[in-house]
Structure formats: structure tokens, C-alpha cells
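Below, each chain spelled out in residue letters.
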Amino acid sequence: MNLHYAPALYDLADRLADNIGPFLGVHWRMENVPVQNLAWCAASLVSVLHGLLKDDVTGENLRHVWLATDYPYVSLADADGAGFMSDKNGDGDRDEGDGRRERSPARHGTPKSSTFKVLTPEHDDAIAVLREAFQPGGDLDAWKLSDLSEQLRRYPYVEGRVGIDEELLGDSGVHGILDKLVVVQSQVFVGGSKECSKVSSFSKQVVEARRTLFEADQGGIDIHNVIEYFGEW
């Protein structure tokens, strides 16, 4: 990969990618996306994921989806219930019969972007649409949605083991680098169209690195595609 960072970051990214096993990577940069687009973009992302994961070729052996996003939750796992309907009538589902949609709890943790300042209920609801698809009964309930913060907690990381201290691991810039180095290794990669995701150097670098690996069939990584876009009109 033609991405130049500290060897310890490559080492940790490799360990995280290996730990989660074959996976699909998603990059969704929500900053500056018109809020009126977000609901449709989220639905499009779910549809694209469904098609790729259900496919016998692209979805073979994939059980995890890694989400790299600037949405500022410290972990998707910590945001349980974010934007979901509560099962208030006790019928085992979360539908309109359960009442109004509950908003996300207060956002917390290290911001994932130093420039993404204005967050709206539409951003919360868009992420909720994606997360709901992975809940029991959802279109993607056979797969697990995860992110970097969750995997850093789950991975048996010991300070000093890979030469990165915990304070540095809390830095949003380091998170961005690790996300990039991990999703480059995904078997399948999905990114947003210009209507649904801010154009960034992140996606460009990931696509260039994946194209090199895909065309050269090198690096020991089983890559099924370079990039598939969601949110194309």
C-alpha cells in the first residue's frame, strides 16, 4: 500500500483486520451532505449492502461490516437504541405502533472529525436507519455492524504491545489513519456518491491502494472489488 505511516499503526491495523475476519468496509463522510439527502442515502446504503452481502461471490464468507464515518459516536455499540423505536407495546418489534421515534442519547467520546461541527436529528436518524438494518428482523440481521472504537475495546490490546499508548489511540487523527488502513484490507469496499458523502482524501487514498492491490493481485489480501457506491441517483 502506498500509504506512509508509523509501522506501529500498520501493525495494529493488520491485527484488527485479522481479528474481525473477512469483512466489508464502508466509508461514509456525512459532513456537508445536505440533510434532506441523508434519509435516502441511508436507505440506499442498506440496499447496496444487502445486494453485496447476499451475493454468492462478493458476499462469500463475510460476516462483519466495518463502518468508517465522521459521525461522532465513540462506538456504535455505545449508541444502543440511537434513533430507534422503543418496543413500548411489548410485541417484540419496534414499529409505528410503539409510538414516536426516540432520539439518540447525548453524543460522547472523541470527535471523529475536527471540522464536522453541526449535527442534526437527520444525521442521528440516518445512522439509526443503518443500525436498525442489523437488528433482529432487519434486512442485514445475519451480519454484524462494527467500527474502530468497538474493535479497539474488544481486541486484547495491551499498552506498549504495538508501540502505541492509549492517549494516542484516543486522537481523532489516529482513528482516521487506522480506519483507512483497515478498510483498505476489506474484501469488499463501499463508499458514498457525491450526493451522499463528502469527497475526501480518505476515500481517494483507499481506492487507489485497493486498485493497486486488486490489479496486481498482491499483498495476500482477497479483494473482491475496488469500490461500490451507494447513493447514486
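Calculation notes
- Residues numbered from 1 in each chain as written.
- Predicted model: local features only at pLDDT ≥ 70, side-chain atom pairs only at ≥ 80, totals over all residues.
- Heavy atoms only, no water.
- Phe/Tyr/Trp six-rings, centres within 6.5 Å; stacked < 30°, edge-to-face > 60°.
- Helix = DSSP H or I, 4+ residues; strand = E, 2+ residues; numbered from the N terminus.
- Buried < 20%, exposed > 50% of the residue type's maximum accessible area, 1.4 Å probe, protein only.
- pLDDT = per-residue confidence, 0-100.
- Contact = heavy atoms within 4.5 Å.
- Salt bridge = Lys/Arg side-chain N within 4 Å of Asp/Glu carboxyl O.
- Polar contact = N/O pair within 3.5 Å; in protein donor to acceptor, adjacent residues only side chain to side chain.
- Pairing = 2+ DSSP bridges.
- Axes fitted to C-alpha atoms, helices over the stretch in contact; angles between N-to-C directions.
- Core = buried A, V, L, I, M, F, W, Y, C linked by side-chain atoms within 4.5 Å.
- Expected span 1.5 Å × (residues − 1).
- Parallel < 35°, antiparallel > 145°, perpendicular 65-115°, else oblique.
- Left-handed = near helix turned anticlockwise from the far one by under 90°.
- Nonpolar A, V, L, I, M, F, W, Y, C, P; charged D, E, K, R; others polar.

Trainee: Explain the packing of aromatic side chains here, please?
Mentor: Each pair of aromatic rings is reported with the distance of its centres and the angle of its planes. By the definition in use, this model includes three aromatic pairs. Geometrically, the ring pair formed by Y5 and Y10 is tilted, given 6.4 Å between the ring centres and 40 degrees between the ring planes. Here the aromatic rings of F23 and W66 are separated by 6.1 Å at their centres, their planes lie at 45 degrees, and the arrangement is tilted. Taken together, the residues span a long stretch of sequence, with F23 in strand β1 (residues 23-28) and W66 in strand β2 (residues 64-69) at a distance of 43 residues. Overall, F23 belongs to the buried group, its relative accessible area being 1%.

Trainee: Can you walk me through the confidence of the model for the protein in this structure?
Mentor: Summarising the model, the protein shows a mean pLDDT of 81, and 75% of its residues fall at 70 or more. Note that residues 80-106 has pLDDT below 50 and, in this model, 52 contacts with residues that lie over four places away or in other chains.

Trainee: Would you take a moment to explain the pattern of salt bridges for this structure?
Mentor: Oppositely charged side chains can pair when the atoms bearing their charge come close. Per the stated rule, a full pass over the model turns up five salt bridges. The salt bridge involving E31 is made with R29; its shortest N-O contact spans 3.0 Å. For the residue pair E31 and R29, the accessibility class agrees, reading buried in each case. Ionic pairing is found between K198 and E31, a salt bridge with its closest N-O pair at 3.5 Å. Here K198 is found in the loop between β4 (188-192) and α7 (201-216), whereas its partner E31 is found in the loop between β1 and α2 (35-54), with 167 residues between them in sequence. Its relative accessible area of 6% is what places E31 among the buried residues. The structure contains a network of salt bridges with shared partners spanning R29, E31, D70 and K198.

Trainee: I keep staring at the side chain of Q187 and nothing clicks. Help me out?
Mentor: Here Q187 is to be found in the loop between α6 (172-183) and β4. There is a polar contact of 2.8 Å between the side chain of Q187 and the backbone nitrogen of F23. In contact with Q187, other than residues within four places in its own chain, are G21, P22, F23, L62, R210, D222, I223, H224 and N225.

Trainee: Where do I start with the sheet that holds strand β3 (residues 144-146) in this structure?
Mentor: Within a sheet, adjacent strands bond to each other through the backbone by hydrogen bonds, running parallel or antiparallel. The five strands are arranged β3-β2-β1-β4-β5 in an open sheet whose pairing can be described as parallel. The sheet is open, and its two edges are formed by β3 and β5 (228-230), each paired on a single side. Each strand of the sheet is rotated relative to its neighbour by a mean of 25 degrees, with strand direction disregarded. In this structure, β1 lies alongside β2, joined through six bridges in parallel fashion. Bridge pairing in β2 places H27 opposite A68. Across the sheet, α6 is in contact with β1, β2 and β4; its angle to β2 comes to roughly 145 degrees.

Trainee: For this particular structure, what's the right way to read the nonpolar core?
Mentor: In a soluble, globular protein the nonpolar side chains are often hidden away together inside. In terms of nonpolar packing, the biggest core is built from 33 residues, with L9, L12, L16, W66, L178, V182 and V183 touching the most fellow members. Examining the composition of this core, we find that eight residues originate from one element, helix α1 (residues 7-20), more than from any other. By size, the runner-up hydrophobic cluster in this structure holds 31 residues, among which are L38, C41, F116 and C196.

Trainee: Would you mind going over the pairing of β1 with me for this structure?
Mentor: Both faces of the sheet carry side chains from a regular strand, because those side chains alternate between them. Most of β1 sits out of view: six of its six residues are buried. Residues of β1 alternate between two faces, with F23, G25 and H27 on one and L24, V26 and W28 on the opposite face, all of them buried.

Trainee: Help me understand α2 in this model?
Mentor: Since the α-helix packs 3.6 residues into each turn, any two residues three or four apart lie on the same face. Between its first and last C-alpha atoms α2 spans 29 Å; for 20 residues at 1.5 Å apiece the expected length is 28 Å, and the two agree. Along α2, the residues that are buried comprise N37, L38, C41, A42, S44, L45, V46, V48, L49, L52 and L53.

Trainee: Teacher, can you tell me more about the packing of α2 against helix α3 (residues 121-133) here?
Mentor: Helix packing for two helices is described by the angle between their axes and how far apart those axes are. Where α2 contacts α3, the two axes come as close as 8 Å, and the packing angle between them is 15 degrees. The angle between α2 and α3 falls in the class roughly parallel. Considering the relative orientation of α2 and α3, their crossing is right-handed. Here α2 contributes V35, L38, A42, A43, L45, V46 and L49 to the contact with α3, which in turn contributes E122, H123, A126, V129, L130 and A133. Residue composition of the contact of α2 with α3, grouped by class: 11 nonpolar, one polar and one charged.

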